[in-house]
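# Fold and contact review
Okay, here's what each chain looks like letter by letter:
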Amino acid sequence: MESSSISGSKIDPKLVLSHKFAEDEFSYSERDVAIYALGVGACGADAVDTKELHYVYHRDGQPFIKVLPTFVSLFPFKKSNGLGLVDVPGLNYEPSLLLHGQQYIEVYRPIPSSGTIINNASIAGLHDKGKAAIVELETTSYLKETGEILCMNRSTVFLRGAGGFSDSSKPYSYTTYPPNQIFRFSIPKSKPTVVYEDRTQNSQALVYRLSGDYNPLHSDPSIAEIARFSRPIQHGLCTLGFVIRAVVKSFCNGEPAAVKSIFGRFLLHVYPGETLVTEMWLQAPRVIYQTKVKERNKAVLSGYVEIKQIPSSL
Ligand SMILES: CCCCCCC/C=C/C(=O)SCCNC(=O)CCNC(=O)[C@H](O)C(C)(C)COP(=O)(O)OP(=O)(O)OC[C@H]1O[C@@H](n2cnc3c(N)ncnc32)[C@H](O)[C@@H]1OP(=O)(O)O
């Protein structure tokens, strides 16, 4: 296999994997946490929801607002040069054809409602899928004040048209992490433990982008068309935020600090305004989930959440 199908999309694995990102620092406030929560639909169905108001408001005098575990999925976007996958030597691709493929998150301690974070990023994987290249960006985030590790994000991007860079008959595939780190799961055939339905707003992506992912694929009809969609699509991480909020509500009594790790694979795009129906199966300590878009009856996301302690009432 040699060069790729889209001109200008040439990948040099050696160069890509040897790239070193500069350390990044950024701060966030409770306002950022609340805007994120609204962007992933918190209180969207019920403004006084007792399991959600604490994400956006100091309910009953609580000193800090609570932070959804997926808030940390924003951290890789806080790089000084934006997305983090631009200006990587040897990584040439057509940006309008980039799609978010998967997200894996580990949260090691309670997420503060404000703080200063230091990010360390590296390329953790590169795969040649022929029609596409897959790149995995791993970002470990530390609390600046104490130096403690807070979380890790592994973001997988699917670069349509950028595959075909292997120089042997075996497709190139490399990761820096052990394959067993991500739990292999299949969607159970049994009846789900909980089914949760949530309608996204027509303006959902326009609200979500204010949290820091300004890719015009999610806001600009002409860019969406170049990317081969009929209209702007929802950010994958916005959909993931909706789903994990449903898991926290259904299995953690609304307590976001109960979440240990999260995995999600984006199976198909979501258009803002569509209804997400999430089926969840409790397989302690995990909740396996699959989300479908009701209007098209298509699966759009599946994965699992690992929970520290399942309430005994479940
Ligand atoms: C700072 C971090 C950067 C983060 C990125 C930020 C940019 C954000 C962009 C978005 O939010 S885009 C919106 C969210 N994403 C989507 O809507 C994508 C939805 N998924 C799809 O449309 C499809 O799944 C796909 C990605 C186009 C792939 O479908 P396709 O039919 O082309 O693939 P297959 O033929 O089934 O498989 C080929 C090969 O690739 C592997 N694979 C398939 N899907 C994924 C995936 N989602 N993630 C990772 N890998 C995937 C699949 O296993 C096959 O590999 P092999 O099994 O053959 O080895």
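Here is what the cut-offs are and how they apply
Residues numbered from 1 in each chain as written. Predicted model: local features only at pLDDT ≥ 70, side-chain atom pairs only at ≥ 80, totals over all residues. Heavy atoms only, no water. Helix = DSSP H or I, 4+ residues; strand = E, 2+ residues; numbered from the N terminus. Rg over C-alpha atoms; globule rule 2.2 N^0.38 Å. Contact = heavy atoms within 4.5 Å. Areas by Shrake-Rupley, 256 points an atom, 1.4 Å probe, with all protein chains shown as cover. Lys, Arg positive; Asp, Glu negative; His and termini not counted. Charge placed at Lys NZ, Arg CZ, Asp CG, Glu CD. Expected span 1.5 Å × (residues − 1). Buried < 20%, exposed > 50% of the residue type's maximum accessible area, 1.4 Å probe, protein only. Near = heavy atom within 4 Å. Polar contact = N/O pair within 3.5 Å; in protein donor to acceptor, adjacent residues only side chain to side chain. Nonpolar A, V, L, I, M, F, W, Y, C, P; charged D, E, K, R; others polar. Core = buried A, V, L, I, M, F, W, Y, C linked by side-chain atoms within 4.5 Å. pLDDT = per-residue confidence, 0-100. Pairing = 2+ DSSP bridges.

As a further point, take the overall build of the protein. Helix and strand content of the protein: five helices and 11 strands. Relative to a compact globule of 314 residues, whose C-alpha radius of gyration would be 20 Å, the protein shows 19 Å and is just as compact. Across its three principal directions, the C-alpha atoms of the protein cover 60 × 45 × 40 Å. Considering only intrachain contacts with a sequence separation of at least 6, the fraction spanning at least 24 residues in the protein is 74%. For the protein, the computed accessible surface area is about 14500 Å², with 52% contributed by carbon and sulfur atoms. Within the protein, one finds 33 positive and 30 negative side-chain charges whose respective centroids are separated by 6 Å.

Another aspect to go through is helix α5 (residues 236–251). Compared with an ideal rise of 1.5 Å per residue, which puts 16 residues at 22 Å, α5 spans 22 Å between its outermost C-alpha atoms and is within 8% of the ideal. Most of α5 sits out of view: 16 of its 16 residues are buried. Backbone geometry just after α5 places Asn253 at a positive phi near 55°.

This next bit is on the site of the ligand. Lining the immediate surroundings of the ligand are 25 residues, of which His100, Lys129, Lys131, Gly236 and Phe266 lie closest. Note that an oxygen atom of the ligand is positioned 2.9 Å from one of the backbone N or O atoms of Gly236. At 3.1 Å, a backbone N or O of Leu267 approaches an oxygen atom of the ligand. When residues of the shell around the ligand are traced back to their parent elements, those giving at least two are β2 (98–107), β4 (132–143), β5 (149–160) and β8 (259–266). Ranked by residues supplied to the shell around the ligand, first place goes to β2 with five residues. In terms of residue class, the shell around the ligand is built from 13 nonpolar, nine polar and three charged.

Another point: the nonpolar core. One finds Phe75 and Leu240 to be the most contacted residues of the largest nonpolar core, which totals 51 residues. Element by element, the count of residues in this core is highest for α5, at 10 residues. In contact with Leu240, not counting residues within four places along its chain, are Thr70, Gln103, Ile105, Ile262, Gly264, Phe266, Tyr289 and Leu301. Among the nonpolar cores identified, the runner-up in size contains 18 residues, and Phe21, Val88, Leu126 and Phe165 belong to it.

Glancing now at the environment of Lys191. Assignment of secondary structure puts Lys191 in the loop between β6 (173–175) and β7 (194–199). A C-alpha to C-alpha distance of 37 Å links Lys191 and Leu210, two positions 19 residues apart in sequence.

A word on the confidence of the model for the protein. Detailed reading of the predicted coordinates is not advisable wherever pLDDT falls low. Per-residue pLDDT for the protein averages 93, and the proportion of residues at 70 or more is 94%. Scored as a complex, the prediction yields pTM 0.96 and ipTM 0.98.

For helix α2 (residues 30–39), the set of buried residues is Val33, Ala34, Tyr36, Ala37 and Gly39. Its buried side turned inward, α2 meets β1 (24–28), α3 (204–208) and α5. Positive backbone phi, at 90°, marks Gly41, one or two positions downstream of α2.

Burial analysis of β4 places 11 of its 12 residues in the buried class, the great majority of the element. In this antiparallel pair of consecutive strands, strand β3 (residues 115–128) and β4, the connection spans three residues, and Gly130 shows a positive phi of 80°. Pairing geometry for β4 and β5, over 11 bridges, is antiparallel. Pairing of Tyr142 across the sheet is with Ile149, part of β5. The hairpin formed by β4 and β5 contains five residues between the paired strands, and Gly147 there has a positive phi angle of roughly 80°.

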